[in-house]
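Structural characterization, general
Residues per chain are reported as follows:
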There are 2 protein chains.
Amino acid sequence: MLKNIGYAAHDSKTPLVPFNFERREVGAQDVLIEIQYCGVCHSDLHQVRDDWAGSTYPIVPGHEIVGRVLKVGNEVDEFKSGDLAGVGCLVDSCRLCTECNEHLEQFCDSAVFTYNSPDKHTGKMTYGGYSNQIVVDKRFVLRISHRLDLAATAPLLCAGITTYSPLRHWNVGKGDKVGIVGLGGLGHMAVKFAHAFGAHVVLFTTSPGKTEDAKRLGADEIVISKNPDEMKQHLKSLDFILNTVAAAHDLDQYTALLKRDGTMCLVGVPGSPHPSPSIGNLIFKRRSLAGSLIGGLKETQEMLDFCAEHNITSDIELIPIQQINVAFERMLKSDVKYRFVIDLASMETLASQENQESLESLDSGVGAAN
Amino acid sequence: MLKNIGYAAHDSKTPLVPFNFERREVGAQDVLIEIQYCGVCHSDLHQVRDDWAGSTYPIVPGHEIVGRVLKVGNEVDEFKSGDLAGVGCLVDSCRLCTECNEHLEQFCDSAVFTYNSPDKHTGKMTYGGYSNQIVVDKRFVLRISHRLDLAATAPLLCAGITTYSPLRHWNVGKGDKVGIVGLGGLGHMAVKFAHAFGAHVVLFTTSPGKTEDAKRLGADEIVISKNPDEMKQHLKSLDFILNTVAAAHDLDQYTALLKRDGTMCLVGVPGSPHPSPSIGNLIFKRRSLAGSLIGGLKETQEMLDFCAEHNITSDIELIPIQQINVAFERMLKSDVKYRFVIDLASMETLASQENQESLESLDSGVGAAN
């Protein structure tokens with residue numbers, strides 16, 4: 001087994017602390033990656049705090065992983081030592097079902113998520129990217145271009161594909177007027193992609209302070225959603241809306257903005273239910289309310305290649321792993337533009353400073369850490 | 001002006017009573033139809049009782065109209081005296097907008113509904129098919145085949161097209177497993193159409209007593225939706241669900257039955273909101289919740305022609321107009337298999353028995369009537 005170090009939550013209330021754990025040895029089809037950067041996704045915090053229930057501790061979060069290949073198994077031709085590589089939300093699936101056959105592994109009933117999923121190799125749970133290394137089957141490893149800023153590429157693995165996939169699935173492109181709701185980690189990527197696809201992009205935000213930034217990111221119009229007069233100007237005019245806001249809110253004010261046959265796609269699961277949406281809003285213009293979940297491996301690679309071609313990455317704030325708990329608190333207040341990314345070099349520093357014994361004592365001293 | 005007689009609601013509380021009113025003279029593009037049968041739609045009762053607000057009294061309901069052409073304007077070549085003809089929920093639209101140009105007049109912002117819509121010709125409201133005659137622009141008149149039972153054809157004009165249109169729009173056909181929720185006026189037509197299109201039809205009902213009938217109508221499987229074990233057997237297996245139940249109910253038990261990328265289409269506006277649907281159910285299989293509204297004139301004609309070819313009509317209970325208030329009460333209890341249709345010959349009897357003066361006294365004696 002490979003000795004790894006990461007940052008883990010040991011329950012829903014206390015801060016993340018250093019954690020020693022083991023990963024499987026590199027198998028014939030595996031790729032061992034030295035993690036250089038890992039994005040901080042809101043779902044990391046949800047699972048750390050058990051907001052969705054079902055969290056199994058300890059949790060090492062992180063599914064926006066980029067780094068360098070250290071070693072590959074003897075049946076791996078796709079990657080070699082020294083290559084840049086990425087890992088997103090998935091590390092395995094059944095590979096036999098319709099979803100897997102159609103390259104939509106995210107919908108496989110046996111999908112294994114990058115962290116907090118049962119791990120058949122270790123008998124424990126999977127551990128994510130808030131750590132120094134990861135071993136992943138080659139089918140779930142992505143190629144990363146040298147042309148992109150590596151740290152700013154990490155969030156593409158979740159925030160990127162989560163917004164790219166629905167915009168592609170609903171054929172957003174030139175001639176379309178598209179609404180993006182919310183300008184956070186997901187929303188800012190959605191604005192970039194919708195703009196890159198040639199759509200006329202209308203950003204909806206509750207924060208007047210984000211107007212200039214939204215324009216810079218690619219929005220053609222910015223609407224302050226609390227202002228009914230501004231909202232009215234877009235009634236029945238949007239072909240598609242990508243709603244990135246997970247907090248419970250009034251969906252009707254947005255469905256009313258869709259044209260006949262328009263769709264609003266949601267990508268966030270709210271902690272408490274949205275007010276029940278108006279069925280009349282759907283019926284009287286044959287509109288749809290839909291959901292979308294990250295993307296399959298093939299599409300994630302396509303997205304990464306598209307980003308390399310169009311020089312698209314996330315706007316990030318780089319932090320050392322030691323600041324993760326502060327970052328979580330700031331994320332809760334939307335105080336980040338637009339994604340925290342952990343520089344895992346900070347983990348190495350820690351690892352070299354501390355010997356195994358002191359790490360173990362940290363590991364058991366959960367409550368006091370950070 | 002043409003003197004007409006109908007049955008009208010004069011407020012939301014009292015029974016419908018005979019009502020004398022005037023329709024416009026037959027214009028150059030108009031068709032005058034002697035109404036022979038008119039279906040009784042649940043929305044008639046909703047508007048009579050002002051359940052959706054916005055009712056303007058007096059209301060002469062009825063938008064499932066079939067009868068015989070009495071007279072046509074001099075610019076009408078499409079119909080001639082003696083032809084069978086039908087009128088559905090729409091009698092006019094702007095004819096200029098995208099919706100009208102795409103034969104989707106039901107979504108035109110200036111659509112004029114068959115009753116309780118402002119009528120530019122009379123300055124009053126439009127009056128519907130619970131009456132002896134109607135004058136309608138030829139564009140909104142449908143051709144009816146002599147091969148179909150005329151009374152049983154009336155409900156096709158609303159219940160028929162409301163279910164036909166979404167089944168067509170979402171391409172239901174051979175190889176599909178389709179759910180129909182509810183076996184009422186709409187549901188029984190949905191079962192017939194889905195079966196005729198070649199789909200495997202699963203009917204969901206709360207009433208075990210409807211099983212045999214559902215099979216006769218074309219359902220391949222019947223599921224008692226109150227039985228979780230029966231529901232479970234269909235998890236993630238349906239390509240499409242047409243939900244015809246307007247009463248507020250748990251939508252999640254049905255979205256969970258959809259395959260990845262499946263859609264549940266609702267065709268009823270609930271009086272009170274459904275419990276807020278699970279967004280997770282949508283996200284984790286990229287499912288959609290949609291709405292659909294009747295159908296355009298072109299598609300309504302296509303549906304009528306399809307019905308003539310496949311001998312599809314509604315299962316009806318024929319009533320004289322004098323029983324309309326009793327029929328409303330029975331409809332509220334779902335005590336009808338599956339649609340009441342008014343035989344307007346009963347109106348003629350009344351008209352011949354009473355002279356104009358006594359009709360007027362009936363008209364003013366609203367509360368006491370029936």
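As the structure is a prediction and not an experimental result, all values here were calculated from the model. (Residues numbered from 1 in each chain as written. Chains lettered and ligands numbered in written order. Predicted model: local features only at pLDDT ≥ 70, side-chain atom pairs only at ≥ 80, totals over all residues. Heavy atoms only, no water.)

1. A closer look at the overall build of chain A
Quick note on the threshold: The helix count covers DSSP runs of H or I at least four residues long, the strand count covers runs of E at least two residues long, and both are numbered beginning at the N terminus. Note on method: radius of gyration uses C-alpha positions; expected globular size equals 2.2 Å times residues raised to 0.38. Any residue under 20% of the maximum accessible area for its type is buried, any over 50% is exposed, and the rest in between are partly exposed; the area is computed with a 1.4 Å probe on protein chains only. Exposure was quantified through the Shrake-Rupley algorithm and a 1.4 Å probe, taking into account, for residues, occlusion by the shown protein chains and nothing else. The sign given to each residue is positive for Lys and Arg and negative for Asp and Glu; His and the chain ends receive no count. Taken as the charge centre is NZ of Lys, CZ of Arg, CG of Asp or CD of Glu, depending on the residue.
Secondary structure summary: chain A contains 13 helices and 17 strands in total. Since a compact globule built from 370 residues should have a radius of gyration of about 21 Å, the 21 Å found for chain A is in line with a globular shape. Each principal axis of the C-alpha distribution contributes one length, and for chain A these read about 65 × 45 × 35 Å. Taken across its 370 residues, chain A has 60% of its residues classed as buried. For chain A, the computed accessible surface area is about 14300 Å², with 49% contributed by carbon and sulfur atoms. Between the mean site of the 35 positive side-chain charges and the mean site of the 46 negative ones, chain A shows a separation of 7 Å.

2. Brief notes about the domain arrangement of chain A
Residue and element names in this part refer to chain A. Filter applied, for reference: Note: domain ranges come from an automatic or database domain assignment. We call two residues contacting when some pair of their heavy atoms lies within 4.5 Å. Simply put, the buried area is the total loss of 1.4 Å probe accessible area from both parts when two parts are fitted together. Just to be clear on terms, a salt bridge is a Lys or Arg side-chain nitrogen sitting within 4 Å of an Asp or Glu carboxyl oxygen. Think of a polar contact as two N or O atoms within 3.5 Å of one another; within protein, one of them needs to be a possible hydrogen donor and the other a possible acceptor, and neighboring residues in sequence only count if both atoms come from side chains.
Assigned domains within chain A: domain 1 (2-158 + 315-357) and domain 2 (160-291). A C-alpha centroid distance of 29 Å is found between domain 1 and domain 2. Between domain 1 and domain 2, the contact holds 9 residues from the first and 13 residues from the second. Between domain 1 and domain 2 the total buried area reaches about 1000 Å² when both faces are included, carbon and sulfur atoms providing 47% of it. Taken together, the connections running from domain 1 to domain 2 amount to 2 salt bridges. One salt bridge in this structure joins K192 and D315, with 2.6 Å as the shortest N-O distance. The interface formed by domain 1 and domain 2 includes 10 residue pairs in polar contact (both at pLDDT 80 or more).

3. Observations regarding the pattern of salt bridges
Summed over the entire model, instances satisfying the criterion amount to 47 salt bridges over all chains. Across the pair E102 of chain A and R260 of chain B runs a salt bridge whose closest N-O atoms are separated by 2.8 Å. You can see E102 of chain A sitting in the loop between α2 (98-101) and β7 (112-113) and its partner R260 of chain B sitting in strand β14 (residues 258-266), one on each of two chains. On the accessibility criterion, E102 of chain A (42% relative accessible area) is partly exposed.

4. Some words on the relation of the copies chain B and chain A
For clarity, the cut-off: The copies are overlaid by a least-squares fit using only the C-alpha atoms of residues whose pLDDT is at least 70 in both copies.
Turning chain B through 180° and shifting it by 0.0 Å along the axis lays it on chain A, with an RMSD of 0.0 Å. These values place the two chain copies in the arrangement generated by a two-fold rotation axis. Judged by C-alpha distance, S276 of chain B is the residue of chain B that lies nearest the rotation axis, at 2.0 Å. The overlap is high: 100% of the interface residues of chain B also sit at the interface in chain A, so the same surface is used on both sides.

5. Let's talk about the sheet that holds strand β13 (residues 238-243) of chain A
Test applied: Strand pairing requires that DSSP identify at least two bridges connecting the strands. Axis angles are defined between N-to-C directions and span 0 to 180 degrees, where every axis is a line fitted to C-alpha atoms and, for a helix, only to the segment in contact.
Taken in spatial order, the 12 strands make up an open sheet running β12(A)-β11(A)-β10(A)-β13(A)-β14(A)-β15(A)-β15(B)-β14(B)-β13(B)-β10(B)-β11(B)-β12(B), and their pairing is mixed. Unpaired on one side and paired on the other, β12 (221-224) of chain A together with β12 (221-224) of chain B mark the two borders of the sheet. Each neighbouring strand pair of the sheet contributes to a mean axis angle of 20°, computed without reference to strand direction. Summarising the sheet, strand β10 (residues 177-181) of chain A and β13 of chain A pair through 4 bridges and their orientation is parallel. By the bridge assignment, I180 of chain A is partnered in β13 of chain A with L242 of chain A.

6. Section: the nonpolar core
What counts is decided by this rule: Put simply, a nonpolar core is a bunch of buried Ala, Val, Leu, Ile, Met, Phe, Trp, Tyr and Cys residues held in one set by side-chain atoms that sit within 4.5 Å of each other.
Y130 and F193 of chain A together with Y130 and F193 of chain B are the most contacted members of the largest nonpolar core, which has 230 residues in total. Once you skip the residues sitting within four places of it in the chain, F193 of chain B turns out to touch G160, T163, Y164, L167, M303, F306, C307 and I312 of chain B.

7. A word on the interface of chain B and chain A
Where interface size is given, it is often the accessible area lost as the parts come together that is meant. The test is simple: Here the term charged refers only to Asp, Glu, Lys and Arg, the term nonpolar to Ala, Val, Leu, Ile, Met, Phe, Trp, Tyr, Cys and Pro, and the term polar to all other amino acids, Gly among them.
Facing 36 residues of chain B, the contacting portion of chain A comprises 36 residues. Summed over both sides, the interface between chain B and chain A buries roughly 3000 Å², with carbon and sulfur atoms accounting for 60% of that surface. When the buried area of chain B at its contact with chain A is split by residue, R260, I283 and R286 of chain B rank highest and sum to 24% of it. Between D109 of chain B and K285 of chain A there is a salt bridge, and its shortest N-O distance comes to 3.1 Å. Per-class residue counts for the side of chain B that touches chain A are 17 nonpolar, 10 polar and 9 charged.

8. Section: the packing of helix α4 (residues 159-169) of chain A against helix α5 (residues 185-196) of chain A
All names here are of chain A. Defined as follows: Roughly parallel refers to an angle under 35 degrees, roughly antiparallel to one over 145, roughly perpendicular to one between 65 and 115, and oblique to any angle outside these ranges. In this scheme the crossing of two helices becomes right-handed for a clockwise turn of the near helix relative to the far one and left-handed for an anticlockwise turn of less than a right angle.
α5 packs onto α4 with a crossing angle of 45° between their chain directions and a minimal axis gap of 8 Å. Classified by the angle between their axes, α4 and α5 sit oblique to one another. Once α4 is placed against α5, the crossing between them reads as right-handed. Contacts between α4 and α5 involve A159, G160, T162, T163, Y164 and L167 from the former and G185, L186, M189, A190, F193 and A194 from the latter. Of the residues that constitute the contact of α4 with α5, the class distribution is 8 nonpolar, 4 polar and no charged.

9. Observations concerning helix α11 (residues 324-332) of chain B
Residues and elements named next belong to chain B. Test applied: Along the arc lie the directions from the helix axis toward the C-beta atoms.
When α11 is considered as a whole, its buried residues turn out to be I324, N325, A327, F328 and M331. Along the axis of α11, the buried residues cluster in a sector spanning 155°; they form a single face. Those residues of α11 that are buried lie in contact with β1 (2-8), α1 (42-48), β16 (316-320) and β17 (339-343). Positioned one or two residues after α11, S334 has a phi angle of 55°, which is positive.

10. Considering the pairing of strand β5 (residues 84-87) of chain B
Residues and elements named next belong to chain B. Residue alternation in β5 divides its side chains into two sets, L84 and G86 and A85 and V87, and both sets are buried. Strand direction decides the pairing type here: strand β4 (residues 65-72) and β5, joined by 4 bridges, are antiparallel. Its bridge partner lying in β5, V66 is registered against G86. Where β5 lies against strand β9 (residues 142-143), 2 bridges are found, and the strand directions are antiparallel. Looking at the pairing, G86 lines up with L142 of β9.

11. Topic: the side chain of D119 of chain B
Residues and elements named next belong to chain B. Looking at the element boundaries, D119 is found in the loop between β7 (112-113) and β8 (133-137). Look at D119: it is buried, it has no salt bridge, and the nearest opposite charge is R24 at 4.7 Å. Discounting residues that sit within four places of it in the chain, D119 has contacts with K124, M125 and T126.

12. Things to note about the pairing of strand β2 (residues 17-23) of chain B
Successive residues of a regular strand alternate their side chains across the two faces of the sheet. All names here are of chain B. Summarising burial for β2: 6 of the 7 residues are buried, a large majority. The pairing of β1 with β2 spans 7 bridges and is classified as antiparallel. For A8, the partnering residue across the bridge sits in β2 and is V17.

13. What about the packing of helix α4 (residues 159-169) of chain B against helix α10 (residues 297-310) of chain B?
Residue and element names in this part refer to chain B. The N-to-C vectors of α4 and α10 enclose an angle of 100°; their axes lie 10 Å apart at closest approach. Here α4 lies roughly perpendicular to α10, going by the angle between them. Two secondary-structure elements touch here, α4 through G160, I161, Y164, S165 and R168 and α10 through E299, T300, E302, M303 and F306. The residue inventory of the contact of α4 with α10, partitioned by class, reads 4 nonpolar, 3 polar and 3 charged.

14. Section: unusual backbone geometry
Among all residues save glycine, negative phi is the norm, and among peptide bonds the norm is trans. Residues and elements named next belong to chain A. At the junction of Y57 and P58, the peptide bond is cis and its omega measures out at 0° in the coordinates. You can see P58 is positioned in the loop between α1 (42-48) and β4 (65-72). For the bond running from K337 to Y338, omega is -10°, close enough to zero to count as cis. Looking at the element boundaries, Y338 is found in the loop between α11 (324-332) and β17 (339-343). With a phi close to 60°, D50 is a non-glycine residue in the positive phi region. Tracing the backbone through its elements, the reader meets D50 in the loop between α1 and β4.

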